[in-house]
Amino acid sequence: KSGGWSPLTSDRYQWLEVDLGERTRITAVATQGRYGSSDWQTSYLLMFSDTGHNWKQYRQEDSRGFFPGNSNADSVVQYKLQQPAIARFLRLIPLDWNPSGRIGLRLETYGCPYTSDVVSFDGGSSGLVFRFSPGLRRTSREVVSLKFKTVRNAGTLLHAEGEGGLSLSLELERGKLQLLFRQGGTSPSEPRRLASLGSLLDDQHWHHVVLERRSSHLNLTVDKHTERVQIPAEFNHWDIKQLGLGAVQSLWSQKPVISKRSFHGCLENLLYNGLNLLERAKHNDQQGNVTFSCTEPVSVAVTFHGPQSFLQLPGAAASSSGGVAVGLQLRTWNKAGLLLTFDLPQHGGVVWLYLSEARLRLQIHKAGRVLLELSAGSALNDGQWHSVELNSRGGRLTIAVDKGEGGSAHASPSFPVAIESDLFFGGKSDSQGCRNPFNVFQGCMRLLTVENQNVDLIMVQQKQLGNYSNLQIDMCGIIDRCSPSRCEHGGRCSQSWTVFHCNCSDSGYSGATCHSSVYQQSCEAYKHNGNTSGHFYIDVDGSGPIKPQLVYCNMTEENTWMVIQHNNTDLTRVRPSPGVNQHLVHFAYSTEEQQLSAAISQSEHCEQELFYHCRKSRLLNTPGKACFFPLFSIFNPEKKVTGYVSFPLIGSSSLSLASFPCILVSSFEDASKAEDSGLLVHKESLPVRSLVLGDIQRPGSEAAYRVGPLRCHGDKNFWNAAFFDKETSYLHFPTFHGELSADISFLFKTTASSGVFLENLGIKDFIRIELSSSTQVLFSFDVGNGPLEVRVDSSIPLNDNRWHRVRAERNVKEASLRLDELPAATQEAPADGHFHLQLNSQLFIGGTASRQKGFRGCIRSLQLNGVTLDLEERAKITPGVRPGCPGHCSSYGSLCQNQGRCVERANGFQCDCGLSAYTGVFCHTEVSAIFKSGTSVSYTFKEPYELIRNSSTLPSSIYSDMTLRGENVSLSFRTNQSPALLLYISSYYREYLALLINKHGEEAFILKESRVRSLANGQLHTVSIRRLTDSVVLFSPPSESDELDPDLARLAALGFTGCLSVVHFNSISPLKAALLHPDTSPVVITGPLVQSNCGSPASANPYAAENTHHLSDQSGSVGSGQPLVNAIRTDSALIGGVIAVVIFVLVTGLAITARFLYRRKETYRNQDVKGVKQEDSPDFPFNNQTDSQTVSSENRKEYFI
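Structure report, in brief. The shown structure was predicted, so the numbers you read here are calculated from the model rather than taken from an experiment.

### Topic: the overall build of the protein chain
In step 1: In terms of regular secondary structure, the protein chain is built from 9 helices and 77 strands.
In step 2: Relative to its 1201 residues, the protein chain shows a buried fraction of 53%.
In step 3: Counted over contacts in the protein chain with a minimum sequence separation of 6, partners at least 24 positions apart contribute 73%.
In step 4: Working note: accessible area of the protein chain is about 53200 Å², and carbon and sulfur atoms make up 48% of it.

### Digging into the sheet that holds strand 54 (residues 766–773)
Pairing between the strands of a sheet comes from backbone hydrogen bonds, and it takes one of two forms, parallel or antiparallel.
In step 1: Read from one edge of the open sheet, 6 strands run 51-60-53-54-55-56, paired in antiparallel fashion. Where the open sheet ends on each side, the last strands, each with one partner, are strand 51 (731–733) and strand 56 (788–793). Each strand axis lies, on average, 15° off the axis of its neighbour in the sheet, ignoring direction.
In step 2: By the bridge criterion, 3 bridges tie strand 53 (residues 755–761) to strand 60 (residues 843–845) in an arrangement that is antiparallel. Across the sheet, residue asparagine 760 finds its bridge partner in strand 60, namely leucine 843.

### Concerning helix 8 (residues 1046–1053)
In step 1: Along helix 8, the positions that sit buried rather than exposed are Asp1047, Leu1048 and Leu1051. The buried residues of helix 8 occupy an angular sector of 95° when projected down its axis, which confines them to one face. Exposed residues lying more than 90 degrees from the buried face of helix 8 are Pro1046 and Ala1053.
In step 2: The positive-phi residue at the C-terminal boundary of helix 8 is glycine 1055, with phi of around 75°.

### Points about the state of the cysteines
In step 1: Here the structure, examined in full by the defined rule, presents 12 disulfides.
In step 2: What pairs with cysteine 482 in a disulfide is cysteine 493, and their sulfur atoms sit 1.9 Å apart. On the sign convention where negative is left-handed, the bridge of cysteine 482 and cysteine 493, at about -70° about the S-S bond, is left-handed. With cysteine 482 in the loop between strand 34 (471–473) and strand 35 (492–495) and cysteine 493 in strand 35, the pair connects residues that are 11 residues apart, well separated along the chain.
In step 3: Using a relative accessible area of 17% as the deciding quantity, one classes cysteine 482 as buried.

### Brief notes about the packing of aromatic side chains
Aromatic ring pairs: the centre-centre distance and the angle between the two ring planes describe each pair.
In step 1: Tallied over the full model, the rule gives 24 aromatic pairs.
In step 2: With a centroid separation of 5.5 Å and 10° between ring planes, the pair formed by tyrosine 44 and phenylalanine 67 is classed as stacked. Within this pair, whereas tyrosine 44 is found in strand 2 (residues 41–49), its partner phenylalanine 67 is found in strand 4 (residues 67–68), the two being separated by 23 residues in sequence. You'll find tyrosine 44 and phenylalanine 67 in the same group, each marked buried.
In step 3: Ring geometry for phenylalanine 757 versus phenylalanine 855: centroids 5.0 Å apart, planes at 55°, classification tilted. Here phenylalanine 757, found in strand 53, pairs with phenylalanine 855, found in the loop between strand 60 and strand 61 (857–864); they are 98 residues apart in sequence, far enough to count as distant.
In step 4: Residue phenylalanine 757 is classed as buried on the basis of its relative accessible area of 1%.
In step 5: An aromatic cluster of at least three residues, connected via ring pairs, comprises Tyr44, Phe48, Tyr58, Phe67 and Tyr79.
In step 6: In this structure, lysine 527 is placed above the aromatic ring of phenylalanine 909, and the distance from its NZ or CZ to the ring centre is 5.5 Å.
In step 7: Arginine 711 extends its terminal NZ or CZ atom over the ring of tryptophan 561, reaching a point 3.9 Å from the ring centre.

### Quick word on the sheet that holds strand 8 (residues 127–131)
In step 1: Taken together, the 6 strands give an open sheet; going across it, the order is 8-17-10-11-12-13, and neighbouring strands pair in antiparallel fashion. Since the sheet does not close on itself, it has two edges, and those belong to strand 8 and strand 13 (192–197), each with one partner. Direction aside, neighbouring strands of the sheet carry axes that sit 15° apart on average.
In step 2: In this sheet, strand 12 (residues 176–182) lies alongside strand 11 (residues 167–173) in antiparallel orientation, the contact comprising 7 bridges. Considered in strand 12, the bridge of glutamate 171 is made with glutamine 178.

### Remarks on the pattern of salt bridges
In step 1: Counted by the stated rule, this structure contains 27 salt bridges.
In step 2: The salt bridge partner of arginine 23 is aspartate 50, with a shortest N-O separation of 3.6 Å. Remark: aspartate 50 occurs in the loop between strand 2 and strand 3 (56–57) and arginine 23 occurs in strand 1 (residues 16–32); sequence separation between them is 27 residues.
In step 3: On the basis of relative accessible area, arginine 23 is assigned to the buried category, the value being 18%.
In step 4: Here lysine 282 and aspartate 117 are joined by a salt bridge, their closest N and O atoms 2.8 Å apart. Separated by 165 residues along the polypeptide, lysine 282 in helix 1 (residues 277–283) and aspartate 117 in the loop between strand 6 (106–113) and strand 7 (118–122) bring together distant segments of the chain.
In step 5: Of the residues examined, aspartate 117 reaches a relative accessible area of 14% and is grouped as buried.
In step 6: Within the structure, one salt-bridge network assembled from shared partners comprises Arg23, Asp50, Lys149, Glu268 and Glu296.

### Digging into the environment of threonine 150
In step 1: Here threonine 150 is to be found in strand 9 (residues 142–150).
In step 2: On the basis of relative accessible area, threonine 150 is assigned to the buried category, the value being 2%.
In step 3: The spacing of threonine 150 and aspartate 202 is 52 residues in sequence and 5.2 Å in space, taken between C-alpha atoms.
In step 4: Polar side-chain contacts of threonine 150 include one of 3.1 Å to the backbone nitrogen of arginine 152.
In step 5: Among the polar contacts made by the side chain of threonine 150, one reaches the main-chain carbonyl oxygen of histidine 264 at a distance of 2.5 Å.

### Here we look at the pairing of strand 22 (residues 324–331)
In step 1: Counting buried residues in strand 22 gives 8 out of 8 residues, a clear majority hidden from the surface.
In step 2: Here 7 bridges tie strand 22 to strand 27 (residues 386–393), and the two strands are oriented antiparallel to one another. Each bridged residue has a counterpart across the sheet, and for glycine 327 the counterpart in strand 27 is glutamate 389.
In step 3: Pairing of strand 22 with strand 31 (residues 443–450), which is carried by 5 bridges, proceeds in the antiparallel orientation. If you follow arginine 331 over to strand 31, its bridge partner there is cysteine 444.

Reading the values: rules and limits
- Residues numbered from 1 in each chain as written.
- Predicted model: local features only at pLDDT ≥ 70, side-chain atom pairs only at ≥ 80, totals over all residues.
- Heavy atoms only, no water.
- Helix = DSSP H or I, 4+ residues; strand = E, 2+ residues; numbered from the N terminus.
- Buried < 20%, exposed > 50% of the residue type's maximum accessible area, 1.4 Å probe, protein only.
- Contact = heavy atoms within 4.5 Å.
- Areas by Shrake-Rupley, 256 points an atom, 1.4 Å probe, with all protein chains shown as cover.
- Pairing = 2+ DSSP bridges.
- Axes fitted to C-alpha atoms, helices over the stretch in contact; angles between N-to-C directions.
- Arc of directions from axis to C-beta.
- Disulfide = S-S within 2.5 Å.
- Phe/Tyr/Trp six-rings, centres within 6.5 Å; stacked < 30°, edge-to-face > 60°.
- Lys NZ or Arg CZ within 6 Å of the ring centre and 35° of its normal.
- Salt bridge = Lys/Arg side-chain N within 4 Å of Asp/Glu carboxyl O.
- Polar contact = N/O pair within 3.5 Å; in protein donor to acceptor, adjacent residues only side chain to side chain.

This is the structure we're talking about:
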């Protein structure tokens, strides 16, 4: 008549409970508002129980605890439970209701009866033993399954034993289920843990366990989570002889198998390969001191959820004892929280019992002062039940943890401590007017006692005793958010009552769940970040399961090589061994098989060199077998076969001819030696795992081999790109599956101001990344809690046709978005909501399903959860989309330094260092050489008429212009010698330019109103000279006599010891040509010239500063503020025809010096010339006695590029 259930009071402490009469498999619930009214609930909780106590909240997706309700009084809202609930009692608790009405409900449940066989153990001598007959046939798959429930966190559920005392057991330890392996019958060894699963399994609720043995592994499943482990070798031929439950004895000993406490609780539906063992035990009257029903103690717990939670109990009636006796058990993840407080009215103080840093502490306050403080216990936030006691009798105050086993503390206060007021547990009512100085308690309590009397929490729930707020009574709502751990890639999980945290240190990953790799996916990616050669960790699948691997990235060549070493890259000789016919060698690589395969597959090209030298021995392909594969035959003049060659494949015993195109081995009977080498280039055949050499027992036979490291270059994923030329064009791929964790990364470049990069839709859920404006990227998604958006704004336009990187991640904790190197933007996920991303449509790239807001531009290297989508392959068959995307120098050209020129390539770019005095992948490596006193380098230019005659064959970078409009000279040097001639340039017109250090170790140029300190100090100095003049045509042939100035001649005769680096004259780099291209450059080297890194600022004195001097002249005149003193010996500015560059170089140091002498020794032909009188300079005269010293701290290590 009432049309449904509606309580008198509409608040969150009302519930509707249904007794189904027996345990039932509940599969769905349906709700409806109260008939003909405005009463309905809009959200609610579902609770289940077997006994009407110890309720368990039903959660969807392991997180979402509430169900959306009705929106009116008439419509029916039905929910199918993702996992059926098995219970006798159901309780519905309204959370919210129609604000214009009251709570109103009509409820219907769906399900079917549930039958089971149950047995209970008392934790003492009760047990069951099942022995299997020898004739029981073993199958390739054996399965043991059961359900259990218990209130104890330790005990042995099951013990399976076979021959020889080998056994497996399932044991509870601290509420976790462990799979243990033991050996030895009479003297059992220490158990070895094979797996550990589950948590909080002592919650007195049913848990499902399955132990499955297959041929080579075991699967342990606890509830919905499975762990796979390898079977120990001892179990290869192991059969179960005995299966024991509870307290049982071993087959080989009269002592109990396990010394720990036996299991105390209930087991249900124990099945072995489908055989119901409990039903068999009942019919065979195999009692074993057990009860075939589940008897469980009633324990009422209370859950404190947050800031408004407290439990108030009367304490005045208990004060007759004149003391304090309070006890409780607690369970929490928090390190801090208030447990108990009460006033001392007669004394005017307050007692506080609380947790701090996971320890139990007690303080007594009075007038803001701490009169007494005690602490005991540790690690009380481990999620286990811990008992806490507070006692005060006879002037002695005591606190104890776990009956004193966890610690205790005592004090003898000078004032009485007795209960004279109400007791507050977990918090305090705001109406009391006393601020709580400690954190509120979040956790569970049970077995509360006051003055040794149990507190009836059911009476509290029914408002018949005390008072409470924001509590859940008769249940413990603790959740282990770290089991299973949401932290990926080995991240360490920790938690509080409401959230979990992941410690990603030393994992190689980052983010809220350690999902995203901190490493690049290849050497190619490191190069384009501006890195140079060295060892790097690469993560080929990003956030995927493959671990990062350490490789060497060689970036000194046009291709960027990834080098992976193995344990034997040296030349190895094999001598005859009597009685041994073959020599087998295996190669172990520095990375795992999965890492190797992924790195090889991702690379564009891989190779591995094999060198083989032999005499009367053969290279075999099949270890342990006397077979030969004649891949090719080489005949000697007598038409005899000279040998057979083969090579082992991974998982194969043969090799195609193309894999190893050319290896020469000697005739088997010929005493002569032969050797050859070749490259394995078929990626399917790499890497080389083993090598077999045969016939090593022959007298006089010998062999030697060398297998080089694995070398790969190119990254097919990094440059995989597509160009979208229309807003309506797009690529589509299968549905993206990123239910719990989803990361998306890609690069884009565009000239458009907006467009959708990616979109995938579900029924309600979606995920989308778009360029919302020319300066903003937007990441939006919905997992059922409503749309969530994360934005990143850029201070520069993003439609600048340069590459920009986007990295988006969404997990159960948060969503983040990162653009280029800008700080990441994040949004936290709701604490209690949906977290599974459920998509079902196609994944659209570059557009949307509605073909609106499409993207125009390039997308490159698109990875979803570490998997690269092949945009190029899909673009080949899609109209409006083109594979590839050229134009990388606009983004990466700045990496080319020191006048290096960026050159476009199909996949990437290259720095052309032809016009630079530097070398290296980014033209950043200085080219240096160590000079001795007799060392010189001369660089000779062609005559003008030769230049004209052979201009088509000459490099334009060197002979691009017949007219010199000035000089641009730069170099760096180190020396301890003075005086010294650094550089000398002469022309066919007997003009010259010289750069030198005078006898005082000072530069020849004197800056106005300044004095330069000594430059012959072993430090690094850099000289830069720039002179501009009118254009002069080079045409005069060289003079027959090219005599040096007498002073320069004396100086040159002294020789030079030092270091010269990065010498540059206009577009010529003579030192670089002499060191790197001596055979193809017009250079003449006299004396020893040793390449070195002495030009590096840190090679000699890492604490000395590098000094740079810029000396410039405009049109040969003296510039204001920087006069030249005796620098110009003539008026002319002509450098002509054939120029000889003689470089004397210095070694390690840091300062600079220069002298610029420019002399005209005869007039130009057909020109009027004004003579200039030479002036004597006090800085120019030199004697033959030098102050040179050996260059200190010089790095003489040679290197070649």
